Amino acid sequence: MTLETLKNELQAELTQNILPFWLNKMVDHRYGGFLGRIDGHGNPVPDTEKGAVLNARILWAFAAAYRVLGKPEYLEAATRAKNYFVAHFIDPQEGGIFWSLDAQGCPLDTKKQTYALGFAIYGLSEYARATGDEVALQQAKDLYADIERHAFDNKNNGYVEALTRNWQSIADMRLSDKDENGSRTMNTHLHILEPYTNLYRVWRTPQLAERIANLIDIFLTRLLNPQTNHLDLFFDDRWQGRRNIQSFGHDIEAVWLLHEAALELNDPKVLQRVEHAIKAIAKAADEGLQADGSMVYERWTDTGKVDTQRQWWVMCECVIGHIDLYQYFGDIAALDIARRCWHYTRQHIVDHEQGEWFWGCDENARPNLTDDKAGFWKCPYHNARMCLEVMERGSTGVRSK
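Residues numbered from 1 in each chain as written. Predicted model: local features only at pLDDT ≥ 70, side-chain atom pairs only at ≥ 80, totals over all residues. Heavy atoms only, no water.

K.L.:
Please provide a residue-by-residue account of the state of the cysteines, values included.
P.N.:
On inspection of all chains with the given rule, the structure shows zero disulfides. C361 forms no disulfide, and the closest cysteine sulfur to it belongs to C341, at a distance of 11 Å. On the basis of relative accessibility, which here comes to 4%, the residue C361 falls in the buried class. (Disulfide = S-S within 2.5 Å. Buried < 20%, exposed > 50% of the residue type's maximum accessible area, 1.4 Å probe, protein only.)

K.L.:
Explain the sheet that holds strand β8 (residues 245-247) to me, and be specific about the residues and the numbers.
P.N.:
One open sheet accounts for three strands, arranged β8-β9-β10; its pairing is antiparallel. A strand with exactly one partner marks an edge of an open sheet, and here the two such strands are β8 and β10 (306-307). Pairing of β8 with strand β9 (residues 298-300), which is carried by three bridges, proceeds in the antiparallel orientation. Across the sheet, the residue bridging to I245 is W300, located in β9. Contacts between helix α8 (residues 248-265) and the sheet are confined to β8 and β9, with β8 contributing the most and set at about 55° to the helix. (Pairing = 2+ DSSP bridges. Helix = DSSP H or I, 4+ residues; strand = E, 2+ residues; numbered from the N terminus. Contact = heavy atoms within 4.5 Å. Axes fitted to C-alpha atoms, helices over the stretch in contact; angles between N-to-C directions.)

K.L.:
Report on the pattern of salt bridges, specifying residues and quantitative values.
P.N.:
Per the stated rule, a full pass over the model turns up 32 salt bridges. For the salt bridge of D232 with R243, the shortest nitrogen-to-oxygen distance reads 2.5 Å. Here D232, found in the loop between α7 (206-223) and β7 (234-235), pairs with R243, found in the loop between β7 and β8; they are 11 residues apart in sequence, far enough to count as distant. Residue R243 is classed as partly exposed on the basis of its relative accessible area of 30%. (Salt bridge = Lys/Arg side-chain N within 4 Å of Asp/Glu carboxyl O.)

K.L.:
Tell me what's going on with the nonpolar core, and back it up with residues and numbers.
P.N.:
Membership of the largest hydrophobic core comes to 137 residues, with the highest contact counts inside it found for W22, Y196, I212, I216, L258, W357 and M386. Examining the composition of this core, we find that 12 residues originate from one element, helix α2 (residues 52-69), more than from any other. Once residues lying within four places of it in the same chain are set aside, the contact partners of I216 are L193, L258, A261, A262, L265, V270 and V274. (Core = buried A, V, L, I, M, F, W, Y, C linked by side-chain atoms within 4.5 Å.)

K.L.:
I'd like a description of the packing of helix α3 (residues 72-89) against helix α4 (residues 114-131), backed by residues and values.
P.N.:
Taken N-terminus to C-terminus, the directions of α3 and α4 make an angle of 135°; their axes are 11 Å apart at the nearest point. Here α4 runs oblique to α3, going by the angle between their axes. The handedness of the crossing between α3 and α4 is left-handed. In this structure, α3 contributes L75, A78, T79, K82, F85 and V86 to the contact, and α4 contributes A120, L124, Y127 and T131. Residues that form the contact of α3 with α4 fall into these classes: seven nonpolar, two polar and one charged. (Parallel < 35°, antiparallel > 145°, perpendicular 65-115°, else oblique. Left-handed = near helix turned anticlockwise from the far one by under 90°. Nonpolar A, V, L, I, M, F, W, Y, C, P; charged D, E, K, R; others polar.)

K.L.:
Give a detailed account of α3, specifying residues and quantitative values.
P.N.:
If you check α3, its first and last C-alpha atoms are 25 Å apart, about what 18 residues at 1.5 Å a residue would give, namely 26 Å. Inspection of α3 places Y74, A77, A78, A81, K82, Y84, F85 and F89 among the buried residues, and these make up the whole buried set. Along its buried surface, α3 packs onto α1 (3-25), β1 (50-51), α2, β2 (100-101) and α4. (Expected span 1.5 Å × (residues − 1).)

K.L.:
Which residues make up the side chain of D28, and what are the values?
P.N.:
Inspection of the secondary structure assignment puts D28 in the loop between α1 and β1. You can call D28 buried: its relative accessible area is 5%. Among the polar contacts listed, one links the side chain of D28 to the backbone nitrogen of R30, at a separation of 3.0 Å. A distance of 2.8 Å separates a polar atom in the side chain of D28 from a polar atom in the side chain of K50. (Polar contact = N/O pair within 3.5 Å; in protein donor to acceptor, adjacent residues only side chain to side chain.)

K.L.:
Run through unusual backbone geometry, naming residues and quoting values.
P.N.:
With glycine set apart, most residues show a phi of negative sign, and most peptide bonds adopt trans. Of note in this structure, D47 is not a glycine but carries a positive phi near 60°. We note that W239 has phi near 65°; this positive angle belongs to a residue other than glycine. Checked against the element boundaries, W239 lands in the loop between β7 and β8. The class of W239 is buried, set by a relative accessible area of 5%.

K.L.:
Go over the sheet that holds β1 with me, naming the residues and quoting the values.
P.N.:
The antiparallel open sheet is built from three strands, whose spatial order is β1-β2-β3. Either end of the sheet is taken by a strand with one partner, and the two such strands are β1 and β3 (107-109). Bridge count for β1 against β2 is two bridges, and the pairing is antiparallel. Bridge assignment links K50 to a residue of β2, and that residue is L101.

Structure representation (structure tokens):
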């Protein structure tokens with residue numbers, strides 16, 4: 001399979017499977033916006049809460065698809081998502097966004113999770129990028145200001161994980177039940193870096209450039225484990241943590257997102273530093289690769305336990321990260337890793353009958369029907385982004401720097 005073939009296959013996957021599922025099955029005709037959940041068997045679950053992350057990612061996916069492909073149905077879906085998000089998720093009294101709404105669109109969980117704010121910026125800035133909409137751009141700028149005003153720690157550096165509705169300290173900062181209750185996380189910093197980079201594409205200010213450069217420095221000096229070259233996950237205010245979990249999907253995702261940010265900044269010193277680091281991070285991430293072409297989820301160094309799930313999002317990041325290594329560094333082996341990972345994903349995780357993808361599968365390639373097909377965390381983000389990234393990168397081989 002050549003890169004051109006991979007590009008064509010992923011465009012077909014995006015336009016014939018992923019996005020049609022969300023257009024045909026996830027629109028909420030009763031209450032507006034999009035439904036909150038479809039279970040692993042493909043059944044809509046009525047009156048389910050609506051998550052900020054889900055809706056911001058829907059907005060991003062359709063805005064990006066419209067920017068790249070120009071199809072009016074993608075613009076219509078992106079505008080539907082944007083209008084609902086602005087009307088219901090943005091907090092008109094305190095600023096920022098609500099974490100979740102009930103099915104009718106009323107605030108349910110009003111905490112300010114920095115991760116969700118990042119995705120709101122990501123979606124709104126992409127809509128502005130795709131359409132030139134100045135109102136959406138201003139809304140993204142306002143949320144950026146909220147993060148910097150309330151969530152940035154001037155004393156210890158970095159971004160606080162969560163706050164109350166009116167931006168006060170909160171006891172439980174966890175993004176999800178499976179996370180540690182740390183005030184700093186790698187995941188949130190990664191998904192502040194990503195939207196800040198996208199916002200910088202449409203709003204090139206020195207202050208934003210400095211914030212991106214600082215985030216890159218946090219990754220290379222705080223989050224990167226110099227002994228293992230993995231990115232560690234959970235920390236306290238002073239950046240102390242157990243450093244006991246190796247998340248292969250986050251490692252390879254960070255490889256290309258760090259590279260993307262450094263390329264967008266266009267600072268030769270920052271780029272050189274990042275490119276040196278991401279080669280080592282990618283090598284560490286590849287410890288999760290399996291003989292069948294897939295990548296497993298996580299490893300706990302204190303117990304030796306390995307989570308052998310093949311989760312949908314890990315497969316996506318494995319593909320993009322290795323395509324990036326191929327195109328910028330001429331790594332032919334990385335291209336083969338990306339192709340084999342997509343082949344595994346297409347065979348075992350893509351749902352060819354009902355559309356979209358399963359949450360993942362086990363080590364015996366049995367699909368996970370317990371977790372959502374679409375829901376609070378299962379969104380058209382990782383897989384749509386994988387398709388669009390490869391499509392936009394073209395088929396000319398190694399890119400010039």
